[in-house]
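# Chain and residue survey
Residues per chain are reported as follows:
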Amino acid sequence: MILTGPEITAAARDGRLAISPFEPGQVNPNSYNVRLGPTLLTYTTAVIDAHQPNPTATVEIGEDGYVLQPGELYLGHTLEQVGSDTFVPLLFGRSSVGRLGLFVEITAPIGDIGFHGQWTLMLSPIRPLRVYAGMKIGQIMFFVSTGDVDLYAGKYQAADGPQPSRYWRDAARVGAVAP
Ligand SMILES: Nc1ccn([C@H]2C[C@H](O)[C@@H](COP(=O)(O)OP(=O)(O)OP(=O)(O)O)O2)c(=O)n1
């Protein structure tokens, strides 16, 4: 079951859902629109190594926006901190943004019950695209869960700003054997 807009509002008010800041105008019929935060990260090495931490450069989106280039991966973030100890969140791009040719999360839409923080957006445009901080770029849906709940305590908990991949931590845990 998916939460309807009015139920998202009710859950945000009674604490089953945490959205901060919460704006009633961002509630959709069955999702909540999230805004693009001002900070972007790009990896600076020619080869991104899945088993190592990778260096990044930071870009702050100015008042005139910032032009994303095709072929580049930009790690962005939601302005909102979003999470729930009750519901399963899923993040997708908005249709209006997809129609501009922008991938918003590539292959990672799933949130865990118990994750709380700003979400990392994996941005990549089909053609050069000027984006603006604060634009409503994505939407999060909330699913009712069934079964015992084991709250998320993973490596992206309490994310503040865009988070580069910490896959290397998984690799370090199992030594030479690739997970
Ligand atoms: N586009 C996304 C997708 C998820 N998350 C957050 C919410 C998730 O609860 C958390 C972890 O996501 P995954 O479980 O997909 O990530 P991993 O399996 O790689 O990490 P972990 O081992 O911490 O679960 O990251 C995010 O910030 N941005």
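Note that the coordinates shown come from a computational prediction; the quantities given were computed from them, not determined experimentally. (Residues numbered from 1 in each chain as written. Predicted model: local features only at pLDDT ≥ 70, side-chain atom pairs only at ≥ 80, totals over all residues. Heavy atoms only, no water.)

### Some details on the side chain of Glu 80
Within the fold, Glu 80 resides in strand 6 (residues 74–83). At a separation of 2.8 Å, a polar atom in the side chain of Glu 80 contacts the side chain of Arg 35. The residues contacting Glu 80, other than those within four sequence positions of it, are Ile 19, Ser 20, Pro 21, Gln 26, Tyr 32, Asn 33, Val 34, Arg 35, Gly 117, Gln 118 and Trp 119. (Helix = DSSP H or I, 4+ residues; strand = E, 2+ residues; numbered from the N terminus. Polar contact = N/O pair within 3.5 Å; in protein donor to acceptor, adjacent residues only side chain to side chain. Contact = heavy atoms within 4.5 Å.)

### Some remarks on the layout of surface pockets
The computed volume of the largest pocket comes to approximately 590 Å³. Considering the residues around the largest pocket, the lining is formed by 23 residues, among which Ala 108, Ile 110, Thr 120, Met 122 and Tyr 156 are closest to the centre. Sort the elements by how many residues they give to the lining of the largest pocket and strand 9 (residues 116–125) lands first, with four residues. (1 Å grid on protein atoms, 1.4 Å probe; cavity = no way out; pocket = protein on both sides within 12 Å on 5 of 7 lines; lining within 4 Å. Points joined across faces, edges and corners; volume = space filled by probe spheres on them.)

### Thoughts on the packing of aromatic side chains
Under the counting rule described, the total for this entry stands at four aromatic pairs. With a centroid separation of 5.4 Å and 20 degrees between ring planes, the pair formed by Phe 22 and Tyr 32 is classed as stacked. A residue pair is termed long-range when its members are at least 10 positions apart, and Phe 22 in the loop between strand 1 (18–20) and strand 2 (32–35) and Tyr 32 in strand 2 qualify at ten residues. Overall, the relative accessible area of 1% leaves Tyr 32 in the buried class. Ring centres of Phe 115 and Tyr 152 lie 5.9 Å apart, and the angle between their planes is 65 degrees; this geometry places the pair in the edge-to-face category. Highlighted residues: Phe 115 in the loop between strand 8 (102–103) and strand 9 and Tyr 152 in the loop between strand 11 (136–144) and helix 3 (167–173), separated in sequence by 37 residues. Across this residue pair, the class does not change: Phe 115 and Tyr 152 are buried. Three or more aromatic residues joined by ring pairs make a cluster, and in this case those are Phe 115, Trp 119 and Tyr 152. (Phe/Tyr/Trp six-rings, centres within 6.5 Å; stacked < 30°, edge-to-face > 60°. Buried < 20%, exposed > 50% of the residue type's maximum accessible area, 1.4 Å probe, protein only.)

### Notes on the side chain of Ser 84
With respect to the element layout, Ser 84 can be found in the loop between strand 6 and strand 7 (87–93). The class for Ser 84 is buried, based on a relative accessible area of 1%. A polar contact of 2.9 Å, which involves the side chain of Ser 84, links it to the backbone nitrogen of Thr 86. Among all residues touching Ser 84, those that are not within four sequence positions of it are Arg 16, Leu 17, Asp 112, Ile 113, Gly 114, Phe 115 and His 116.

### Some remarks on the site of the ligand
Neighbouring the ligand are the residues Ala 108, Ile 110, Gly 111, Asp 112, Phe 115, Trp 119, Thr 120, Met 122, Tyr 152, Gly 154, Lys 155 and Tyr 156. One nitrogen or oxygen atom from the side chain of Asp 112 is found 2.7 Å from an oxygen atom belonging to the ligand. Here a nitrogen atom of the ligand sits 3.0 Å away from a polar atom, N or O, in the main chain of Thr 120. The protein chains hide 74% of the 580 Å² of surface that the ligand would expose on its own. (Near = heavy atom within 4 Å. Areas by Shrake-Rupley, 256 points an atom, 1.4 Å probe, with all protein chains shown as cover.)

### Section: the pattern of salt bridges
Here the structure, examined in full by the defined rule, presents four salt bridges. A salt bridge links Asp 170 to Lys 155; the nearest nitrogen and oxygen atoms lie 3.1 Å apart. Placement of the pair is Asp 170 in helix 3 and Lys 155 in the loop between strand 11 and helix 3, with a sequence separation of 15 residues. A relative accessible area of 16% places Asp 170 in the buried class. Under the relative-accessibility criterion, Lys 155 is labelled partly exposed at 25%. Here the salt bridges do not stand alone but share partners, grouping Glu 7, Asp 14 and Arg 16 into one network. (Salt bridge = Lys/Arg side-chain N within 4 Å of Asp/Glu carboxyl O.)

### Brief notes about the sheet that holds strand 11
Read from one edge to the other, the open sheet built from three strands follows the order 2-11-7, with strand pairing classed as antiparallel. Strand pairing shows two members of the sheet lacking a second neighbour, strand 2 and strand 7, which therefore form its edges. Going from strand to strand, the sheet's axes swing by 35 degrees on average, the running direction of each strand aside. Judged from the four bridges that link them, strand 2 and strand 11 form a sheet pairing that is antiparallel. Paired with Asn 33 across the two strands is Gln 139, which belongs to strand 11. (Pairing = 2+ DSSP bridges. Axes fitted to C-alpha atoms, helices over the stretch in contact; angles between N-to-C directions.)

Functional significance is not addressed by these values, which are geometric in nature.
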